[in-house]
Amino acid sequence: MTITHVPLPPPAKRLVLFVADGLRADTFYKPDVNDTIRAPFLRAIMEEKGTWGISHTHVPTESRPGHVALIAGFYEDVSAVAKGWKENPVEFDSVFNESRHTWCWGSPDILPMFAKGASGDHVYTHTYPAESEDFASEDASKLDSWVFDEVKAFFNSAKGNENLLSKLHEEKNVFFLHLLGIDTNGHAHRPMSKEYLENIVLVDTGVSEIVSLVEDFFGNDGQTAFIFTSDHGMTDWGSHGAGHASETLTPLVAWGAGIQTAQRATTHLYQDQHQKEWNLGTLRRVDVNQADIAPLMSSLIGVPIPLNSVGVLPLNFLNNSQHFKAESMFANSIQILEQFKVKMTQKKETTLSFFFTPYPVLTEEKQEEFLQHAKSLIHRGLYDEAILLCVEMITQALEGLSYYHTYDRFFLGCSVVLGFVGWTSYVVLVILKTHASLRKPPGNRQLMSNEGLGRVFLCMGLAILAFLLVQASPWTYYIYCLLPVPVWHAVFKEIGTLLDLIKSAPSLPLCKCFGYFVLVTFGIELLVVSFFYRAMLSLGLLLLSLWPLLSGLHIKATTRSLTWALSCLCLAVFPLMPVVGRESNIHLVTCAAALTLFNTISYLVSSRRLSPLPRKDRQLFICQMVHVGLCAYVLTSTHASLQQKQGLPLFNQLVSWTTLVVSFFVPLLSSTRLFQRLMSILLSLVSTYLLLSTGYEALFPPMLSWLMFVWINMEQEAMSAGTLSKTELFRIDFSENIDITKIRQLKLDDIRRSYFFVFFIITAFFGTGNIASINSFDPASVYCFLTVFNPFVMGGLMMWKVLIPFVIVMCTFETIQVSTQLSSRSLFLIVLVISDLMALHFFFLVKDYGSWLDIGTSISHYVIVMSMTIFLMILSIMTHVLTSRRVFVGKKMKVHFK
């Protein structure tokens, strides 16, 4: 790619960049209740010397992607989450890389990635130990004090170091101060806390001192530019990662060499009420996208704009000649146009010439015409017209980039849809062939021999392969395009099963089949909508509560039908609640522990009449109940200790990690009798869940478990054969469930069972939030385990918290398979069809336009449903072990395989 330099001298020799991690725009700009300004130095800069505005960030509002946008000018791919938002999934260009020298001070999570991404050894980093990032520390503002002290010591030491002094006085230098204290205090104490607000005061004072120090060091030469901003904001409950305004609106203040001084506002360009609320109505406000800050910094110190930057130079921040602005905009447009050219060339090389359709708005002729016209306008001194032309060109080039990014969308989309439809059809045919009792009329059901069919599809595959080879397509295209071939070959091989179905149609209960089809279709649509509106799950639970009434079960099982309806209605409350993490309420967690203990005691009392517990199992249950109470105490004492800033007690930490580990093994000590094993699993899972809870979500597993226990009993009532009596549920043993002679054929009612399972899985997922709560989580959820920032460990703990309700539902489904004498393969095939239909629906809802939140949400929904079946199969293996295996503790430990 061609690098374009501005042929005029830059206004600044050096740049100082302050990034206050986690600083919200409203908290920074808005005066307190007494009209006192929290950041008086920076406020004075805004009113006299500089330009201010709002920097609009994009999701995910995390530290790494925010800094990449600020310093490299592009919005990083979410694949970086696999590196914990720390390492570089791919190397990239940045303002630091283009600078002559860059000195950085701050967090070890942020600084190293820019040093590793630099092409030389001119980026120097100074970081504190990772252990310093402790959410339980007495005062996280010490992180920012450390940065300011180190910078002061650095400049003082430079006075006696000739080599360093020489480097510091060179041009195109950058000084980067990463200030993490505000973010850490926000997580630990919330953004409206005294600690968070006092940290802003400390940062303002520190910035004032550093500015004076730098200006004195360089003799007040007026050649230093300063930028103060943030990487992301923070919600009121101390999290970030999503797209709420409190997370995406960050402050931006710039002053010094090349920056426009404060201007009075003549008109208000923005419709919001922020300026009025912040008492800034008289000052001109200039908003930017976060990626626009990178070309601004490049322009100020005269370095090339980073190669992959998509930022547009905000001219209203510059205090320079129109000639300089025009040349800078021209360089910005050339830099983005080069990206467009590279993408166009790549697509042209992988497409046959007679198939290639160039972007009509920006053909090669039009590109050349733009270059000549822009140069001519600048040469003739028509700078304003040149700027407008460059802005238009940047807009067209960015649209052209999007055009080539989505060039093969229709072609690949058709391949994906063919694969989906073929795979779903094949699974349906397999269900009909191997798990349903169809009347098979005599006669030849083959339309073509298997050998002839194989030749036809082999030729089709070879033709597609040749087409892709000629175009030199990426390897992923081969997967998308070739995968439907064997799938449809398998469908056509099973076409005889479809013919059997057609011939057997007169003997089938068509009205009942059509009714099930309509209900399942409505149910799938309800699940799809629930991904966007959690309240739809409440509607679904309300409808499920009517099942006994509609099916007639309420006549022979009145009490259980009422219990089913009541448990559905209680669980329906949770999707109506706000997403977990907003407000902590430890008392609700204690109530959840008490509810769990009450349910366990109720079970122990009732089981004495139907199936008395062995002494060892009774002792195990008592120990688990005591453990639940201990976990509730540990959570309460941990939060009390942290509120008093006494840190995480070692005893509490040991209990928490021990609980997490033993929760996987303690259920294996209990009897494999159905309800005894399920109750032991519940107590183990709830113990861990309590330690990871901060509010109402702790009540979710007990309420979900109640509904699951009722579901097991209701399915027993729904068994039309009635081979098992009500009391025999207590005698079912998980370890004796494999009996091929008892496995029955699929019935229409099994479609309902499979749908109930999928519905409850989605409810377990969205009941108190969703996967986004891992990305936008409240660190308070993991304070019983650790308080020092560690994205992988914290993310893993939050993931297990999300999985616990899944395990509860999976164990219930395992129980229903055993009690209804149906093979797990049969039900999973039906689940596979339902999830594939949902995935196909979400495939058409995937977006690449609109807000980044909308784009990310649509993609995540598709990926979640796509991976659901594989995920459930893996979880099924785990729950099978949890339910059917037993470890005997005695003279010799052994695993029981009965």
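Above: the structure in question.
Residues numbered from 1 in each chain as written. Predicted model: local features only at pLDDT ≥ 70, side-chain atom pairs only at ≥ 80, totals over all residues. Heavy atoms only, no water.

Enquirer: What is the right way to look at the overall build of the protein in this model?
Expert: Looking only at helices and strands, one finds 35 helices and 10 strands in the protein. Burial status across the protein gives 54% buried among its 898 residues. Residue pairs at least 24 apart in sequence account for 79% of intrachain contacts in the protein once pairs closer than 6 positions are excluded. (Helix = DSSP H or I, 4+ residues; strand = E, 2+ residues; numbered from the N terminus. Buried < 20%, exposed > 50% of the residue type's maximum accessible area, 1.4 Å probe, protein only. Contact = heavy atoms within 4.5 Å.)

Enquirer: How should the pairing of strand E6 (residues 224–229) be read in this particular structure?
Expert: One face of the sheet, then the other: side chains in a regular strand alternate in exactly this way. With 6 of its 6 residues buried, E6 lies for the most part within the structure. Neither face of E6 is exposed, since Thr224, Phe226 and Phe228 on one face and Ala225, Ile227 and Thr229 on the opposite face are all buried. The pairing of strand E1 (residues 14–20) with E6 spans 6 bridges and is parallel. When the bridges of E6 are listed, Phe18 appears paired with Phe228. (Pairing = 2+ DSSP bridges.)

Enquirer: How should I be thinking about the nonpolar core in this particular structure?
Expert: Soluble globular proteins: nonpolar side chains tend toward being buried together. Membership of the largest hydrophobic core comes to 117 residues, with the highest contact counts inside it found for Trp564, Trp711, Phe757, Val758, Phe759, Phe760 and Met838. For this core, the leading source of residues is helix H33 (residues 791–819), giving 16 residues. Excluding anything up to four places from it in sequence, Phe760 contacts Leu541, Leu544, Trp564, Leu707, Met708, Trp711 and Val809. Core analysis: the next-biggest nonpolar cluster, separate from the first, contains 65 residues, Ala12, Leu70, Leu371 and Ala374 among them. (Core = buried A, V, L, I, M, F, W, Y, C linked by side-chain atoms within 4.5 Å.)

Enquirer: Help me understand a positive patch on the surface, please; the structure alone is not making it clear to me.
Expert: There is a patch of like positive charges on the surface, built from Arg608, Arg615, Lys616 and Arg618. It is helix H27 (residues 615–643) that contributes the most residues to the positive patch, 3 residues altogether. Of note, Arg608 is situated in helix H26 (residues 586–610). (Patch = residues over 30% accessible without salt bridge, like charges linked within 9 Å, V, L, I, M, F, W, Y side chains within 5 Å. Areas by Shrake-Rupley, 256 points an atom, 1.4 Å probe, with all protein chains shown as cover. Salt bridge = Lys/Arg side-chain N within 4 Å of Asp/Glu carboxyl O. Lys, Arg positive; Asp, Glu negative; His and termini not counted. Charge placed at Lys NZ, Arg CZ, Asp CG, Glu CD.)

Enquirer: Which parts of the structure should I look at to understand the environment of Ile259?
Expert: Within the secondary structure layout, Ile259 lies in the loop between strand E7 (249–256) and helix H11 (274–277). Taking the C-alpha atoms as reference points, Ile259 and Phe317, separated by 58 residues in sequence, lie 5.6 Å from one another. Not counting the four nearest positions on each side in its chain, Ile259 is found in contact with Thr51, Ala254, Leu300, Phe317 and Asn319.

Enquirer: What should I look at first to understand the side chain of Thr51 in this one?
Expert: In this structure, Thr51 sits in strand E2 (residues 51–56). A polar contact is formed between the side chain of Thr51 and the backbone oxygen of Gln260, at a distance of 2.7 Å. Apart from the residues within four sequence positions on either side, Thr51 is in contact with Leu252, Val253, Ala254, Ile259, Gln260, Thr261, Val286, Asn316 and Phe317. (Polar contact = N/O pair within 3.5 Å; in protein donor to acceptor, adjacent residues only side chain to side chain.)

Enquirer: Quick question: what am I supposed to make of the side chain of Ser309 here?
Expert: Counting through the fold element by element, Ser309 comes out in the loop between helix H12 (293–301) and helix H13 (322–349). A polar contact of 3.1 Å, which involves the side chain of Ser309, links it to the backbone nitrogen of Gly311. Setting aside residues no more than four positions away along its own chain, Ser309 makes contact with Ala72, Gly73, Phe74, Ala291, Pro295, Gln335, Ile336 and Gln339.

Enquirer: Whenever I open this one, the pairing of E1 confuses me. Can you help?
Expert: Along E1, 7 of the 7 residues are buried, which leaves the element largely enclosed by surrounding structure. Alternating positions in E1 separate into two faces, Arg14, Val16, Phe18 and Ala20 on one and Leu15, Leu17 and Val19 on the other, with burial throughout. Sheet topology note: the E1/strand E5 (residues 173–179) ladder contains 7 bridges and is parallel. Bridge pairing in E5 places Leu15 opposite Val174.

Enquirer: I'm lost on the pattern of salt bridges in this one. Help?
Expert: Side-chain pairs of opposite charge can arise whenever the charged atoms involved come near each other. In this structure the tally under the stated criterion is 17 salt bridges. Here Asp408 makes a salt bridge to Lys347, at a shortest N to O gap of 2.9 Å. Taken as a pair, Asp408 in the loop between helix H15 (383–405) and helix H16 (409–434) and Lys347 in helix H13 lie far apart in primary sequence, 61 residues in all. Taking the relative accessible area as the measure of exposure, Asp408 reaches 16% and is therefore buried. A salt bridge links Arg752 to Glu715; the nearest nitrogen and oxygen atoms lie 2.8 Å apart. Linking Arg752 in helix H31 (residues 748–766) with Glu715 in helix H30 (residues 700–718), this pair joins segments that are 37 residues apart in sequence. By relative accessible area, which is 9% here, Arg752 ends up buried. Using a relative accessible area of 0% as the deciding quantity, one classes Glu715 as buried. Linked by salt bridges that have partners in common, Glu715, Asp750, Arg752 and Arg753 make up one network.

Enquirer: Mind showing me how you'd approach the sheet that holds strand E3 (residues 101–106) here?
Expert: In a beta sheet, neighbouring strands are held together by backbone hydrogen bonds and run either parallel or antiparallel to one another. Spatially, E4-E3-E5-E1-E6-E7-E2-E8 is the arrangement adopted by the 8 strands of the open sheet, whose pairing is mixed. Where the open sheet ends on each side, the last strands, each with one partner, are strand E4 (123–127) and strand E8 (288–289). Across the sheet, helix H9 (residues 194–217) lies against E1, E5, E6 and E7, angled at about 170 degrees from E6, the strand it touches most. (Axes fitted to C-alpha atoms, helices over the stretch in contact; angles between N-to-C directions.)

Enquirer: Honestly, a nonpolar patch on the surface in this entry has me stumped. Any pointers?
Expert: There is a patch of nonpolar side chains on the surface, built from Phe522, Leu539, Leu542, Leu543, Leu546, Leu549, Leu550 and Leu569 and spanning about 750 Å² of accessible area. Counting residues per element, the ones that place at least two in the nonpolar patch are helix H22 (535–544) and helix H23 (547–551). Sort the elements by how many residues they give to the nonpolar patch and H22 lands first, with 3 residues. One can find Leu542 in helix H22.

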